[in-house]
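Notes for the structure review
Chain by chain, the residues:
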Amino acid sequence: MPEDMVLCEMTEPHINKAELVARLRPWGQEHLLRFWDGLSAGERMRLAGQIQAVDWAQMDRWIRRYVLQKPEVSLPPDLEPAPYYPLEPEDGRQRELYARARKHGAALLSAGRVAGFTVAGGQGTRLGFDAPKGTFRIAPVTGKSLFQLFAEGILRAREKYGAPIPWYVMTSPINDAATRAFFQAAGYFGLPETDVRFFPQGTLPAVGFDGKLLLARRDSMALSPNGHGGSLAALRDSGALEEMRARGVDHISYWQVDNPLVRTFDPLFLGLHDLLGSDMSSRALIKTGPFEKLGNFCVSSGTLQIIEYSDMPKDLATAVGPDGRLRFRAGSPAIHILRRSFVEHMTEGEVRLPLHRAEKKVSCVDADGNTVQPVAPNAVKLEMFIFDALPEARAPIVLEMARGEQFGPVKNPDGVDSVVSCRALMVERAARWLEAAGIQVPRESDGRPACLVELSPRRYLDPEDVKANAARITPPRPGEAKAYE
Ligand code: UTP
């Protein structure tokens, strides 16, 4: 049984209570039937279906391993910093490689060999926004949503490379309908409907710290999305992989829904990935300090892997090389390219990605049937992470990217990695791109832009697009909020 498939496809459930009790008792989970006698026929159907879809022996193993104890993190003893390709080529050979890669990446795009893939199945609990995170209105002047910004960027990329670029969006059973409705209401932001595909990821039950599964309602278990690593199986199970193969898509550009600055189709990144035969490529940010909350690119016995910041021993995190720089300085902003054939290989049988334990606040019903909104974490969610596929990838490469150019995650309402910091980064990047095209942007004495500027990705995908349009751009005035469409 694959780790992501504890909940299998539901078959017509038998709704015999005694049978359900017999199924749950060996695992001490009979409390899930606590309200059974008061449920309607339809409600019984739902709960019975959920219970019958769980592989209880597997679930019990996971509860013992990940819930009743905090799994020990065992790091390999020979952990070394992963090599990465620098932002700018460092010698003639690299310069030649980068130039070739840029051309090759653009050719891949023009030949329709690349698809976009956004993982948008998360619950965005830190943001505290009820609707799907992709519908959050992030743009600093126009208030365009995250989804709209990506859609506009894809439209521009289609125009620029003269090819259809299909877009796959992974949702979850919780936000799938709302996500589809949002796109439909917006006319898919001008993209052909047939080139935007949605599919929900799998779920896993949330488990209380005592090892008991939680009920979200009297007739339903509390089920949570199984992590962005669930995207591998979801790509297969939804038929998306097959569709990509039929369309001639060989490479999947992967990004997270909460990073509106991401360069969705970067010819250099794509070109290096393909020319160097990489199965799974990653962008890297040079960390601002040893404890920045980014996964660390490491190698052990020649195998690339990401070690979460929380698992990184302090002595390694703070280690400094002879050049005075952090040894482990390459952090992961969760931007990847996956070779389609690699995803096919990874999903041939069981998807073997490890589970991670996350302590979360999960709303549930108590023994009396009252809904409880916990104020502190009350449950463990089990999640798979996409980066755990890296050790399986052939010739994986890591490419540095410039801070502020491609990474402004929207995790929290304010503070670090927030709506506020992301908008500031968007404005700063737009100002930089305008200035690089010779357009003057008023600045405060501390260097911050003295205006709000926003560049529509529909026209301005990169600094070159701004340069090409410089003649039609009027410079922003101090204090002005200006969107360039
Ligand atoms: P996060 O790890 O930041 O989780 O997801 P989140 O659910 O969005 O936010 P919090 O932790 O509840 O505040 C990083 C990216 O992975 C996607 C998210 O949608 C986001 O794009 N993701 C996460 C999934 O697609 N599925 C998941 O099960 C989890």
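This section reports on the structure supplied with the text. (Residues numbered from 1 in each chain as written. Predicted model: local features only at pLDDT ≥ 70, side-chain atom pairs only at ≥ 80, totals over all residues. Heavy atoms only, no water.)

Before going further, it helps to spend a moment on the pattern of salt bridges. Scanning the entire structure with this criterion turns up 40 salt bridges. Residue lysine 160 pairs with aspartate 462 through a salt bridge whose shortest N-O separation is 2.7 Å. In this pair, lysine 160 is assigned in helix H5 (residues 146–161) and aspartate 462 in the loop between strand S21 (452–455) and helix H13 (463–468), connecting sequence segments 302 residues apart. Exposure remark for lysine 160: the relative accessible area of 29% places this residue in the partly exposed category. For aspartate 462, a relative accessible area of 2% corresponds to the buried category. Arginine 443 is the partner of glutamate 428 in a salt bridge, and the nearest nitrogen-oxygen pair spans 2.9 Å. Here the residue glutamate 428 occupies a position in helix H12 (residues 419–436), and arginine 443 occupies one in the loop between H12 and S21, the gap between them amounting to 15 residues. Beyond isolated ion pairs, a larger network of salt bridges with shared partners links Arg156, Glu159, Lys160, Arg263, Arg458, Asp462 and Asp465. (Salt bridge = Lys/Arg side-chain N within 4 Å of Asp/Glu carboxyl O. Helix = DSSP H or I, 4+ residues; strand = E, 2+ residues; numbered from the N terminus. Buried < 20%, exposed > 50% of the residue type's maximum accessible area, 1.4 Å probe, protein only.)

What follows is about the nonpolar core. Of all hydrophobic cores here, the largest spans 65 residues; its most connected members are Ile51, Met59, Phe117, Leu235 and Phe297. In terms of residue count, helix H3 (residues 56–67) provides more of this core than any other element does, six residues in total. Every residue in contact with leucine 235, bar those within four places of it in the chain, is listed here: Phe117, Phe199, Ala240, Leu241, Met244, Ile252 and Val343. Listed in part, the 51 residues of the second largest apolar core include Ala151, Ile165, Ile337 and Cys422. (Core = buried A, V, L, I, M, F, W, Y, C linked by side-chain atoms within 4.5 Å. Contact = heavy atoms within 4.5 Å.)

Everything listed here is a matter of geometry and, on its own, says nothing about what the molecule does.
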